[in-house]
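# Report on the structure
The residues making up each chain are set out below.
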Amino acid sequence: MEIKRDYYLDKLIRKRHNGLVKIVTGIRRCGKSYLLDPIYKNYLINDGVEENHIIKLELDSIENEKYCNPHELYDYIMSKVKDDDMYYIILDEVQKCSDFESVLNSFLHKKNLDVYVTGSNSKFLSSDIVTEFRGRGDEIKVYPLSFSEFYSFKNGDKNSAWKEYITYGGLPLVLLQTSDEEKVDYLNIQKNNVYVNDVIERNNIQNEEELKKLVEMISSSVGSLTNPLKLANSFKSYDSTTSISNKTIYNYLKYLEDGFIIEKAERYNIKGKKYIETPQKYYFTDMGIRNSFLNFRQIEENHIMENVIYLELRRRGFTVDVGVVEVRNNSSLLQLEIDFIANKGSEKYYIQSSLNLDTKEKMEQEIRPLINVNDFFKRIIIVKDDIVKYQNEQGIVIMGIYDFLLDSDSLIR
């Protein structure tokens, strides 16, 4: 049974023949290569493209090592182009090729080449390609399986699927493991041999244990406000002999972001209409990897649910900030928090994540920041309970997590 990635397939179809290099990015093992081949390749063939007009190279394969030379790569691709019909070029892990920007720029001059590349390091996108391409590259960011994609493969009971998803995450190959032990083993291998090693080797990190300890700290405080200074103090309370600096922690966090392991959500003062520089929140791009860093010890559903909602908003193309609402309380000014401000074009949503609203006090706590927002954008509370969506007397929509995750239009309806 094929794991469907229709959301990303539709994106590729819409960007076909747009004159830009389609750059598919995302954490390793999230399914970038599978998206391009077989999913997109099969779509092209079914749409009438001849298979010999689809040229695919995996540049992280030893058999293709010589094509990491830019001249060898260019000559090989052009040797396969035999006529003026459209050719589809798929290059996997393109950053393995030295001076790949020049090769891709050369392909852009050919009217009958439609180019697709993948990479696992955001630096090759954010610095090299943005600088070199100046608007000629088009990013498609791929995340691990969403709960909707995961559930389309699993079906059955939603609660059972949810428990598995928040424990082992959405890396496609985890889904194919047949036992809990195999899932844990797979995630531990990926964590140690792929994600951590990638960051260490790419950034020439000398103190591996410091990096691992930092990731554990971020893992155990998902959804909590933090900054390099606070993390440095946590290091010192854990080990009084450490000399780790704020700057080192700042760099480590950036490296983890560049490797697509974590993402940062900035705080935004809604009434003041400005960003607050520090502290921020960090979320993991896959819950299985997050849990693996903690040896599956801390699987707190409330924090993980918040992380899953963040990822779903990002997958749907929203920029996501943490909202701050200032309210007057007698002579003092209080800062109330809204979990997420989701923005996309003219769309904006204020969203709270709450495991439940089982008491009057809990309901008031979640509602108070939302009713103090002085605009007319939609305000939503997402709860774990499988409830029928409704709107309360303050105009706030309350919906269950499954309605939100399984309906791509859940925020609009």
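The rules we used
Residues numbered from 1 in each chain as written. Predicted model: local features only at pLDDT ≥ 70, side-chain atom pairs only at ≥ 80, totals over all residues. Heavy atoms only, no water. Buried < 20%, exposed > 50% of the residue type's maximum accessible area, 1.4 Å probe, protein only. Helix = DSSP H or I, 4+ residues; strand = E, 2+ residues; numbered from the N terminus. Pairing = 2+ DSSP bridges. Right-handed = clockwise from strand over helix to strand, strands pointing away. Salt bridge = Lys/Arg side-chain N within 4 Å of Asp/Glu carboxyl O. Contact = heavy atoms within 4.5 Å. Axes fitted to C-alpha atoms, helices over the stretch in contact; angles between N-to-C directions. Patch = residues over 30% accessible without salt bridge, like charges linked within 9 Å, V, L, I, M, F, W, Y side chains within 5 Å. Areas by Shrake-Rupley, 256 points an atom, 1.4 Å probe, with all protein chains shown as cover. Lys, Arg positive; Asp, Glu negative; His and termini not counted. Charge placed at Lys NZ, Arg CZ, Asp CG, Glu CD. Expected span 1.5 Å × (residues − 1). Polar contact = N/O pair within 3.5 Å; in protein donor to acceptor, adjacent residues only side chain to side chain.

### Let's talk about the pairing of strand 13 (residues 397-400)
Two faces, one strand: in a regular strand the side chains alternate between the faces of the sheet. Here strand 13 shows a buried face lined by Val397 and Met399 and a second buried face lined by Ile398 and Gly400. Pairing of strand 11 (residues 378-383) with strand 13 involves four bridges; the strand directions are parallel. In the strand pairing of strand 13, Ile381 is matched with Ile398. For strand 12 (residues 390-391) and strand 13, the ladder comprises two bridges, and the chain directions are antiparallel. Residue pairing in the sheet places Gln391 in a bridge with Val397 of strand 13. Where strand 12 folds back on strand 13, the antiparallel hairpin that results is connected by five residues, among which Gly395 adopts a positive phi of roughly 85 degrees.

### Structural notes on the pairing of strand 4 (residues 113-119)
Burial within strand 4 is extensive, with seven of its seven residues counted as buried. The alternating pattern of strand 4 places Leu113, Val115, Val117 and Gly119 and Asp114, Tyr116 and Thr118 on opposite faces, both of which are buried. In this sheet, strand 4 lies alongside strand 3 (residues 87-92) in parallel orientation, the contact comprising five bridges. Residue pairing in the sheet places Tyr87 in a bridge with Leu113 of strand 4. A crossover links strand 3 with its parallel partner strand 4, the connecting element being helix 4 (residues 100-108), and its sense is right-handed.

### Quick word on unusual backbone geometry
Cis geometry is adopted by the peptide bond preceding Pro38, which originates at Asp37 and carries an omega value of 25 degrees. Mapped onto the secondary structure, Pro38 falls in helix 2 (residues 32-46). With phi around 55 degrees, Glu93 is a residue other than glycine that occupies positive phi space. Its location among the elements puts Glu93 in the loop between strand 3 and helix 4. You can call Glu93 buried: its relative accessible area is 5%.

### Regarding the pattern of salt bridges
One pass over the full model with this rule turns up 26 salt bridges. Residue Lys15 pairs with Asp138 through a salt bridge whose shortest N-O separation is 3.1 Å. In this pair, Lys15 is assigned in helix 1 (residues 6-15) and Asp138 in strand 5 (residues 137-141), connecting sequence segments 123 residues apart. With relative accessibility at 19%, the residue Lys15 sits in the buried group. As a salt-bridge pair, Glu312 and Arg315 come within 2.9 Å of each other at their nearest N and O atoms. Pair noted here: Glu312 and Arg315 are both in helix 14 (residues 301-315), with a separation of three residues, about one helical turn. Through salt bridges with shared partners, one network takes in Arg28, Glu93, Asp198 and Arg202.

### Digging into the sheet that holds strand 13
Read from one edge to the other, the open sheet built from eight strands follows the order 7-6-8-9-10-11-13-12, with strand pairing classed as mixed. This sheet does not close on itself; its edge strands, each paired only once, are strand 7 (274-284) and strand 12. With 10 bridges connecting them, strand 8 (residues 319-329) and strand 9 (residues 332-344) associate as antiparallel partners. If you follow Val320 over to strand 9, its bridge partner there is Ala342. Strands strand 6 (262-269) and strand 7 of the sheet are contacted by helix 12 (residues 246-258), whose axis makes an angle of about 115 degrees with strand 6. Each of strand 8, strand 9, strand 10 (347-354), strand 11, strand 12 and strand 13 touches helix 15 (residues 360-371); the most contacted strand, strand 10, lies at about 160 degrees to it.

### A short note on a negative patch on the surface
Together, Asp358, Asp385, Asp386 and Asp403 give the surface a local cluster of negative charge. Position of Asp386 relative to the elements: it lies in the loop between strand 11 and strand 12. Given a relative accessible area of 55%, Asp386 falls into the exposed group.

### So, helix 10 (residues 208-220)
Since the α-helix advances by 3.6 residues per turn, residues separated by three or four positions end up pointing in the same direction. With 13 residues, helix 10 extends 19 Å between its outermost C-alpha atoms, agreeing within 8% with the 18 Å of an ideal straight helix rising 1.5 Å per residue. Looking only at helix 10, the buried set comprises Glu210, Leu211, Lys213, Leu214, Val215, Met217, Ile218 and Ser219. Considering only its buried residues, helix 10 is in contact with helix 9 (180-203), helix 11 (228-238), helix 12, strand 6, strand 7 and helix 13 (287-293). One side-chain oxygen of the residue at the start of helix 10 lies 3.3 Å from the amide nitrogen of Glu209, identifying that residue as Asn207.

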